[in-house]
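The residues making up each chain are set out below.
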Amino acid sequence: MQTVLYEKKSNIAYITLNREEALNAFNYQMLLELQKITSQIHVDREVRAVIITGSGKKAFSAGADLKERKTLTESEVRRNVKAIRDCFDAIANLPQPTIAAVNGYCFGGGFELMIACDFVIAVTGAKMGLTETSWAIIPGAGGTQRLPRLVGEMKAKELILTAKKITAEEACELGAVLKVVDQITLMEECEILAKQILQNGPIAVTQAKYAISLGMNTDIKTGLDIEAKAYELTIPTADRLEALQAFSEKRVPVFKGE
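Given the structure is predicted, the values throughout are model-derived calculations rather than measurements.

Cut-offs used in this document
Residues numbered from 1 in each chain as written. Predicted model: local features only at pLDDT ≥ 70, side-chain atom pairs only at ≥ 80, totals over all residues. Heavy atoms only, no water. Helix = DSSP H or I, 4+ residues; strand = E, 2+ residues; numbered from the N terminus. Rg over C-alpha atoms; globule rule 2.2 N^0.38 Å. Contact = heavy atoms within 4.5 Å. Areas by Shrake-Rupley, 256 points an atom, 1.4 Å probe, with all protein chains shown as cover. Core = buried A, V, L, I, M, F, W, Y, C linked by side-chain atoms within 4.5 Å. Buried < 20%, exposed > 50% of the residue type's maximum accessible area, 1.4 Å probe, protein only. 1 Å grid on protein atoms, 1.4 Å probe; cavity = no way out; pocket = protein on both sides within 12 Å on 5 of 7 lines; lining within 4 Å. Points joined across faces, edges and corners; volume = space filled by probe spheres on them. Nonpolar A, V, L, I, M, F, W, Y, C, P; charged D, E, K, R; others polar. Phe/Tyr/Trp six-rings, centres within 6.5 Å; stacked < 30°, edge-to-face > 60°. Arc of directions from axis to C-beta. Axes fitted to C-alpha atoms, helices over the stretch in contact; angles between N-to-C directions. Parallel < 35°, antiparallel > 145°, perpendicular 65-115°, else oblique. Left-handed = near helix turned anticlockwise from the far one by under 90°.

J.: So what exactly am I meant to see when it comes to the overall build of the protein chain here?
T.: Broken down by element type, the protein chain carries 11 helices and 10 strands. For 258 residues, the compact-globule estimate of 2.2 N^0.38 gives 18 Å, and the protein chain sits close to it at 19 Å. For the protein chain, the share of sequence-separated contacts (at least 6 apart) that also reach a separation of at least 24 residues comes to 67%. Put simply, the protein chain shows about 13,800 Å² of open surface, and 58% of that area lies on carbon and sulfur atoms.

J.: Is there a simple way to explain the nonpolar core in this structure?
T.: Across soluble globular proteins, you tend to see nonpolar side chains buried next to one another. Counting residues in each nonpolar core, the largest one holds 62 residues, and the members touching the most others are Phe 26, Leu 34, Phe 88, Val 102, Met 114, Met 128 and Leu 147. Ignoring anything within four residues of it in the chain, the contact list for Phe 88 reads Phe 26, Leu 34, Gly 109, Glu 112, Leu 113, Ala 116, Ala 141 and Arg 146.

J.: In this structure, what is going on with empty space enclosed by the protein? I would like to understand it.
T.: It is the rolling of a water-molecule-sized probe over the atoms that shows where space remains empty. Inspection of the entire model under this criterion finds 1 cavity of 30 Å³ or more. Volume-wise, the largest cavity comes out at about 40 Å³. Along its surface, the largest cavity is lined by Phe 26, Asn 27, Leu 31, Ala 64, Glu 68, Arg 69, Asn 80 and Ile 84. When residues of the lining of the largest cavity are traced back to their parent elements, those giving at least two are helix H2 (66–71) and helix H3 (74–92). The class makeup of the residues in the lining of the largest cavity is 4 nonpolar, 2 polar and 2 charged.

J.: Honestly, the packing of aromatic side chains in this entry has me stumped. Any pointers?
T.: Two aromatic rings, taken as a pair, are described by how far apart their centres are and by the angle between their planes. On inspection of all chains with the given rule, the structure shows 2 aromatic pairs. Ring geometry for Phe 26 and Phe 88: centres 5.5 Å apart, planes at 70 degrees, overall edge-to-face. You can see Phe 26 sitting in the loop between strand E2 (12–17) and helix H1 (28–42) and its partner Phe 88 sitting in helix H3, a full 62 residues away along the chain. The burial state of Phe 26 is the same as that of Phe 88; both residues are buried. Ring geometry for Tyr 105 versus Phe 107: centroids 6.0 Å apart, planes at 25 degrees, classification stacked. Judged by relative accessible area, Tyr 105 falls into the partly exposed class, the value being 33%.

J.: Any chance you could explain the environment of Ala 176 here in plain terms?
T.: Residue position: Ala 176 is located in the loop between helix H7 (168–174) and strand E10 (179–181). Placed 57 residues apart in sequence, Ala 176 and Phe 119 show a C-alpha to C-alpha distance of 8.7 Å. Look past the residues within four positions of Ala 176 in its chain and what remains in contact with it is Met 114, Val 120, Leu 150, Val 151 and Ala 171.

J.: Looking at this structure, I do not really get helix H6 (residues 153–162). What am I missing?
T.: Owing to its 3.6 residues per turn, the α-helix brings residues three or four apart onto one side. Along H6, the residues classified as buried are Ala 156, Leu 159 and Ile 160. One side of H6 holds all its buried residues, which, seen down the axis, span an arc of 90 degrees. For H6, the exposed residues lying more than 90 degrees away from the buried face are Met 154, Leu 161 and Thr 162. Elements that come into contact with the buried residues of H6 comprise helix H5 (143–151), strand E9 (166–167) and H7.

J.: Explanation requested: the packing of H1 against H3 in the structure shown.
T.: When two helices pack together, their arrangement is given by the angle between the helix axes and the distance between those axes. Viewed as axis vectors pointing N to C, H1 and H3 meet at an angle of 25 degrees, and their least axial separation amounts to 10 Å. As judged from the angle between their axes, H1 and H3 are roughly parallel. Where H1 crosses over H3, the two elements pack in a sense that is left-handed. Contact residues: Tyr 28, Leu 31, Leu 34, Gln 35 and Thr 38 in H1; Arg 79, Asn 80, Ala 83, Ile 84, Asp 86, Cys 87, Phe 88, Ala 90 and Ile 91 in H3. Here the contact of H1 with H3 is built from residues that sort into 9 nonpolar, 3 polar and 2 charged.

Written out as C-alpha cells, the structure is:
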C-alpha cells in the first residue's frame, strides 16, 4: 500500500498522508515516499500550489510511528530523524506555496510538517502540539526553530517544554494557523486560497515567497538586498509585460510562468 498519495490537477498538487489506521504516523517508508514526491514537485513547473493533508477525518498526523520506533536500533533512529528533518526542510523550501489542510490530530512530527508549510487551515477543535518532551526527546524536524519564529520565543518554550496540547482555535490566536473551518469545508477552503494564489504571476509568486522566507532569517538590510534581487528576476519576464498589456486592454491577464 502506498503510504503517501499524490494527485495533480489544475496546477495544484495534492499530497495525502495515507496511513489512516496509524493516525497517519510517519514510518520510514512514508518518509521515503514523501521525499520522492516532494523532489518531483520541486522541479514541476505545472505545479503552482501544494495542499498537504491526512487520510480520513481523525488525524493529519500523530507524528513519528512509535510502534516502529520501538523496534529500531539507535542507528536506525538517527536515520529516521535525519529523514524526517530532511523531508520537512525540502517541503519548507519548495518554490511553490504550500498549504497544510489539518483534518484532525496533529502532534509531534505532524505539527512540524504543519508549520513547515506556508499556510495552515485546520478543522474546528483539532488537537495539536509538540509533545516530544513527554517522550523524553525533543522536536527534531524543525519544531524548535520554526515555532519560535511563528509564535515568539516565550510561547514556543512553553508549548515545547510542557508538551502542551492546544486546539486549532488556540493555534490560530497564536498565529500558527491561518484559519479554522468545519471538516466538510476544509479542502474547499484550501482550494480557494490556492486558486487566489494561482491568479497571479507564477514567477512573481515564487520570488515573493523566496524573498520573504529567506529575508525573515536575516537583518533588514540583507533582506532588502534579497528582495531587490528577487524583483530583478521578474522584470524581463513575459508575464510582467502581459500584465501591463492586459491592464491597457481591460482584460484578465493570462500568465504562463515565462
